[in-house]
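Fold and contact review
Here are the chains, one letter per residue:
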Amino acid sequence: MEFLEDYAEKGAKVKMVTFLNPAGMDIEDWKGMGIPPDFAEKQLRVMNAFRKMGIVISATCTPYLAGNLPRFREHIAWSESSAISFSNSVIGARTNREGGPSALAAALCGVTPDYGLHLDENRKPQLLVNVEARLEDNADFGALGYVVGKQAKNRIPYFKGIKDADSDQLKALGAAMAASGAVALYHVEGITPEAHLMNAEGLESISVTDKDLDDTFSKLSTGKEPDIVILGCPHSSLKEIMTVARKLEGKKLKKPLWVCTSRMVKEAANRMGFTQTIENAGGKVVADTCMVVSPIEEIGFKTTAVNSGKAANYLPGFCKQNVVFSRLTTLIEQVTE
Ligand code: F3S
């Protein structure tokens, strides 16, 4: 906070359109979330400093769904690991895994160092992944990402055997690999835009089966009865919110349920009536934040249920949570009357 306020007071201004990672709370409804006031006060100071520097207070890890969509081969400097993975792999833009300060430096200077994943020769695959597992739900992609990230570490995987995947499933896959490992780029045969340029012959290879995914769901589920269900890691697309709304239509929740997203996507969900449907069931669409970066342990939750491999990986360490990691339909069945 002091670092950012110092920059802002000295007149630092970004040279290009710059979006912001999630905050620790819904900036407009932090009281409704149960956020402690001293935490909120500091978050608002941080937001103000960013605003003064000319940064868009997008507060999302899916900027590409909220108005900041780079083009294929565009050079960018991003610092949120799931967004980095998505932009490199699914869009084909180019970024290294920047830290917050180095991405801010790039925004202020208007340049970023030309090394690593900005260069063609460093975007080649280093590990072949044969997918033999059935992938049906977005959570299956998160579980797959968790398994592969553990083995790939910071290498570039090349997936064979994924027959189909929509952009939400690819974002779940990349987010989990960037969390259990440090994967910044992956290729999926027949699906991602640079895969056809790559040669995966002769690479070290691994296979992932249904049993590997089942083992991952069990291993990451350290709790049984959730205090809350939190969806939207990475931040939900409009389609994901629509899916949740449809599953909750006419039902009542026995436990709190949050769907995390960006303010921009929430506006669209409001307009479509999805937010209202979720609220009628007793849930919330929470903007600007998520289960990992908000202080959910201070709100009093001890066991959180998620459908995200990334969140399941991070919640025990970052937020002292027991975790229930499962597919969306199972989670909703568990907490509705
Ligand atoms: Fe985004 Fe929070 Fe997950 S920042 S990727 S929703 S941990």
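Before reading further, recall that the structure is shown in the block above.
Residues numbered from 1 in each chain as written. Predicted model: local features only at pLDDT ≥ 70, side-chain atom pairs only at ≥ 80, totals over all residues. Heavy atoms only, no water.

**Some remarks on the overall build of the protein**
The criterion, for reference: To qualify as a helix, a DSSP run of H or I must reach at least 4 residues; to qualify as a strand, a run of E must reach at least 2; elements of each kind are numbered from the N terminus. Computation of the radius of gyration draws on C-alpha atoms, with the globule rule given as 2.2 Å multiplied by the number of residues to the power 0.38. Here the open area of atoms and residues is found with the Shrake-Rupley method and a 1.4 Å probe, where only the protein chains shown may cover a residue. Just so you know, the count uses Lys and Arg for positive and Asp and Glu for negative, and it drops His and the chain ends. Where a charge lies is defined by one atom per residue type, namely NZ (Lys), CZ (Arg), CG (Asp) and CD (Glu).
Looking only at helices and strands, one finds 14 helices and 9 strands in the protein. For the protein, the C-alpha radius of gyration of 20 Å lies close to 20 Å, the compact-globule estimate for 337 residues. With respect to the three principal axes, the spread of C-alpha positions in the protein is 55 × 55 × 35 Å. Here the protein has roughly 14,600 Å² of accessible surface; of this, 50% comes from carbon and sulfur atoms. Charged side chains in the protein number 39 positive and 41 negative. The centres of these two groups are separated by 1 Å.

**Some words on the side chain of T261**
Just so we agree on the cut-off: Classification of residues uses two cut-offs on accessible area relative to the type maximum, computed with a 1.4 Å probe and protein chains only: under 20% is buried, over 50% is exposed, and between them is partly exposed. Contacts are assigned to residue pairs that have any heavy atoms within 4.5 Å of one another.
With respect to the helices and strands, the residue T261 is situated in strand β6 (residues 257-261). A relative accessible area of 0% places T261 in the buried class. Apart from residues no more than four positions distant in its own chain, T261 is found in contact with H235, S236, I241, K266, V285, V286, A287 and D288.

**Comments concerning the nonpolar core**
Condition: Only buried residues count toward a nonpolar core, which is a set of Ala, Val, Leu, Ile, Met, Phe, Trp, Tyr and Cys residues joined through side-chain atoms within 4.5 Å.
Counting 50 residues, the largest nonpolar core has L144, F159, I162, L173, M291, L315 and F325 as its most contacted members. Broken down by element, the residue count for this core peaks at 8 residues, all from helix α6 (residues 138-152). Those residues in contact with F159 that sit more than four places away from it in its chain are V129, V131, L144, V148, L173, M177, Y186, H187, V188 and E189. In this structure, I241, A269, F274 and L331 belong to the second largest nonpolar core, which totals 21 residues.

**Considerations on the site of the ligand**
Our working definition: Any residue with a non-hydrogen atom lying within 4 Å of a molecule or strand is treated as near it. As a working rule, the residues Ala, Val, Leu, Ile, Met, Phe, Trp, Tyr, Cys and Pro are called nonpolar, Asp, Glu, Lys and Arg charged, and the rest polar, with Gly in that last group.
The local shell around the ligand consists of P22, C61, E80, S82, G232, C233, P234, C290, V292 and K310. Looking at the shell around the ligand residue by residue, the class counts come to 6 nonpolar, 2 polar and 2 charged.

**Brief notes about the sheet that holds strand β9 (residues 322-325)**
One key point about sheets: their strands pair by backbone hydrogen bonds, in either a parallel or an antiparallel sense. Here is the rule we go by: In short, DSSP must find at least two bridges between two strands for them to pair. Angles run from 0 to 180 degrees between N-to-C directions of axes, and those axes are lines fitted to C-alpha atoms, restricted for helices to the stretch in contact.
Spatially, the 5 strands line up as an open sheet ordered β7-β6-β5-β8-β9, and their pairing is parallel. Sheet topology places β7 (284-287) and β9 at the edges, where each strand pairs with a single neighbour. The sheet shows a mean angle of 30° between the axes of neighbouring strands, direction not considered. This element, helix α14 (residues 328-335), spans β5 (228-231), β8 (303-306) and β9 of the sheet and lies at about 150° to β5.

**Points about the sheet that holds strand β4 (residues 205-208)**
Taking strand neighbours across the sheet as the criterion, the 4 strands line up as β3-β2-β1-β4 in an open arrangement whose pairing is parallel. Pairing within the sheet leaves two strands with one partner each, and these edge strands are β3 (187-188) and β4. Of the strand pairs in this sheet, strand β2 (residues 157-160) and β3 are connected by 2 bridges, and their pairing is parallel. Note on β3: the bridge partner recorded for Y158 is H187.

**Some points on the pairing of β4**
The side chains of a regular strand alternate between the sheet's two faces. Residues of β4 alternate between two faces, with I206 and V208 buried on one and S205 and S207 left unburied on the opposite face. The pairing of strand β1 (residues 127-131) with β4 spans 4 bridges and is classified as parallel. By the bridge assignment, L128 is partnered in β4 with S205.

**As for unusual backbone geometry**
Residue P234 is reached from C233 by a cis peptide bond, and omega for that bond is -10°. Residue position: P234 is located in the loop between β5 and α9 (238-248). Even without being a glycine, A59 presents a positive backbone phi close to 45°. Inspection of the secondary structure assignment puts A59 in the loop between α3 (37-52) and α4 (81-91).

**Side note on the packing of aromatic side chains**
The following threshold applies: When the centres of two rings from Phe, Tyr and Trp lie within 6.5 Å, Trp using its six-membered ring, the rings pair. Their planes under 30 degrees apart give stacked, over 60 give edge-to-face, and anything left gives tilted.
In this structure the tally under the stated criterion is 6 aromatic pairs. Centre to centre, the rings of F3 and Y7 are 4.7 Å apart; their planes meet at 40°, and the pair counts as tilted. One end of the pair, F3, and the other, Y7, are both in helix α1 (residues 2-9), 4 residues apart, so they sit about a helical turn from each other. Overall, the relative accessible area of 31% leaves Y7 in the partly exposed class. On the basis of an interplanar angle of 90° and a centroid distance of 6.0 Å, the ring pair of F159 and Y186 is categorised as edge-to-face. Of the two residues, F159 is situated in strand β2 and Y186 in the loop between α7 (167-180) and β3; the sequence distance between them amounts to 27 residues. This pair shows no difference in class: F159 is buried, exactly as Y186 is.

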